[in-house]
Amino acid sequence: MSELHNQTIAILGGTGAEGAGLAMRWARAGLRVIVGSRLADKGAAAAAAYNERIGAVAHPLSGTDNLSAAQAADIAVLTVPYAAHLATLGGLKDALQGKILLDVTVPLVPPRVSVVQLPAAGSACLEAQNFLGEGVQVVAAFQDISAEHLGDPDHDLDCDVLVAGNSREAKQVAIELAHLAGLDAFDAGPLANAGVIEGMAAVLIGISIRHKIKGAGIRLTGVPRG
């Protein structure tokens, strides 16, 4: 059994498709997961709906507000739209100190969501790291996975996850979490590389639109698969 089975995962802003999909996949894998939302009752309602969807699991999902979820967690996962990115982190800075934060945020700027538009810091993840400080280990992960496909816990994901971060140990946690969600994941280098991963999400959206593909993703070649 993985060490992650002894830890608690908080999905902050976990009521969207990405957060829902990760929550349900990890709960099925036997992890303890808290669904966070801006309002505690909304988080609790989302958790109840996810539990009904996946049926009996070792640790049913619970839900609360983002701050309470972050305080209770060993590992946090941020799955909010870019417009709410720093605003959400603003109230969680103290609660996240000493923890790993997997940031799934993609800096999409409507209506041109298929155009790469990275922030001045270079990426949303670097913005998060700069804001939270070195007491939090920010890792970029899951940006290149279709939110629609990720949000369906029964969908067989045939994409690979690229993981970037400055801590090898924190990246390994993200890679293991990806495996528990049914995905292969690969170390893509330091957090400075997160902008490439985040930009890839916009590129994939554009490919999906132009070629009428439902949730285009990426798959690494030349990798031995077990």
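Everything here concerns the structure above.
Residues numbered from 1 in each chain as written. Predicted model: local features only at pLDDT ≥ 70, side-chain atom pairs only at ≥ 80, totals over all residues. Heavy atoms only, no water.

Draft legend 1. Geometry of the pattern of salt bridges. Scanning all chains against the criterion turns up eight salt bridges. Note that Arg219 is salt-bridged to Asp160, the shortest N-O span being 3.0 Å. Taken together, the residues Arg219 in the segment after α9 (194-211) and Asp160 in strand β7 (residues 160-165) connect sequence positions 59 residues apart. Here Asp160 falls in the buried class, since its relative accessible area comes to 0%. Each of the salt bridges in this network shares a partner with another, and the network as a whole consists of Arg28, Arg53, Asp152 and Asp154. (Salt bridge = Lys/Arg side-chain N within 4 Å of Asp/Glu carboxyl O. Helix = DSSP H or I, 4+ residues; strand = E, 2+ residues; numbered from the N terminus. Buried < 20%, exposed > 50% of the residue type's maximum accessible area, 1.4 Å probe, protein only.)

Draft legend 2. Inspection of α9 at higher detail. End to end, α9 covers 26 Å across 18 residues, agreeing with the expected 26 Å (1.5 Å per residue, within 8%). Listed as buried for α9 are Ala194, Gly195, Ile197, Glu198, Gly199, Ala201, Ala202, Leu204, Gly206 and Ser208. Those residues of α9 that are buried lie in contact with α6 (124-132), β6 (137-140) and β7. Just past α9, the residue Lys212 takes up positive phi, approximately 55°. (Expected span 1.5 Å × (residues − 1). Contact = heavy atoms within 4.5 Å.)

Draft legend 3. Region of the structure containing the sheet that holds β7. Read across the sheet, eight strands follow the order β3-β2-β1-β4-β5-β6-β7-β8 without closing on themselves; strand pairing throughout is mixed. Edge positions in the sheet fall to β3 (62-65) and β8 (184-187), since each has one partner strand and no second. Each adjacent strand pair in this sheet contributes to an overall mean axis angle of 25°, direction not counted. Alignment of β7 against β8, held across four bridges, turns out to be parallel. Its bridge partner lying in β8, Asp160 is registered against Asp184. (Pairing = 2+ DSSP bridges. Axes fitted to C-alpha atoms, helices over the stretch in contact; angles between N-to-C directions.)

Draft legend 4. Structural context of the pairing of β6. Bridging between strand β5 (residues 100-103) and β6 involves four bridges; their strand directions are parallel. Looking across to β6, one finds that Ile100 is bridged to Gln137. The parallel pair β5 and β6 is bridged by α6, and the resulting crossover is right-handed. Across two bridges, β6 lies against β7 in antiparallel orientation. Following the sheet pairing, Val139 is matched in β7 by Gly165. (Right-handed = clockwise from strand over helix to strand, strands pointing away.)

Draft legend 5. Here's a closer look at the environment of Trp26. Along the chain, Trp26 falls in helix α1 (residues 17-28). Here the alpha-carbon distance between Trp26 and Phe186, two residues 160 residues apart in the chain, equals 19 Å. In this view, Trp26 contacts Ile9, Ile11, Leu31, Val33, Val77, Phe142, Leu177, Leu180 and Ala181; residues no more than four positions away in its chain are not counted.

Draft legend 6. The layout of surface pockets, seen in detail. Roughly 530 Å³ of internal volume is contained in the largest pocket. Around the largest pocket sit 27 residues that line it, and Glu18, Val106, Leu108, Ala147 and Ile205 are the ones nearest its centre. Secondary structure elements with two or more residues in the lining of the largest pocket: α1, α7 (147-150) and α9. Looking at the lining of the largest pocket element by element, the count peaks at five residues for α9. Along the lines of polarity and charge, the residues of the lining of the largest pocket split into 16 nonpolar, eight polar and three charged. Looking at the second largest pocket, its volume works out to about 290 Å³. Looking at the second largest pocket, it is lined by 17 residues, and the ones nearest its centre are Gly13, Ser37, Arg38, Asn66 and Thr88. Every element with two or more residues in the lining of the second largest pocket is listed here: α3 (66-72) and α4 (85-90). Across the lining of the second largest pocket, the residue classes tally to seven nonpolar, seven polar and three charged. (1 Å grid on protein atoms, 1.4 Å probe; cavity = no way out; pocket = protein on both sides within 12 Å on 5 of 7 lines; lining within 4 Å. Points joined across faces, edges and corners; volume = space filled by probe spheres on them. Nonpolar A, V, L, I, M, F, W, Y, C, P; charged D, E, K, R; others polar.)

Draft legend 7. Main features of the nonpolar core. In this structure, Trp26, Leu61, Phe142, Val161, Leu177 and Leu183 are the most contacted members of the largest nonpolar core, which totals 41 residues. Contributions of two or more residues to this core are made by β1 (8-12), α1, β2 (32-37), α2 (40-54), β4 (75-78), β5, β7 and α8 (168-180). Listed in part, the 29 residues of the second largest apolar core include Leu101, Val138, Leu191 and Ala194. (Core = buried A, V, L, I, M, F, W, Y, C linked by side-chain atoms within 4.5 Å.)

Draft legend 8. α8, seen in detail. Compared with the 18 Å implied by 1.5 Å per residue over 13 residues, the 18 Å span of α8 between its first and last C-alpha is a close match. Looking only at α8, the buried set comprises Ala170, Lys171, Val173, Ala174, Ile175, Leu177 and Ala178. At the exit of α8 stands Gly182, carrying a positive phi of roughly 90°.

Function-wise, these values are silent; they only describe arrangement.
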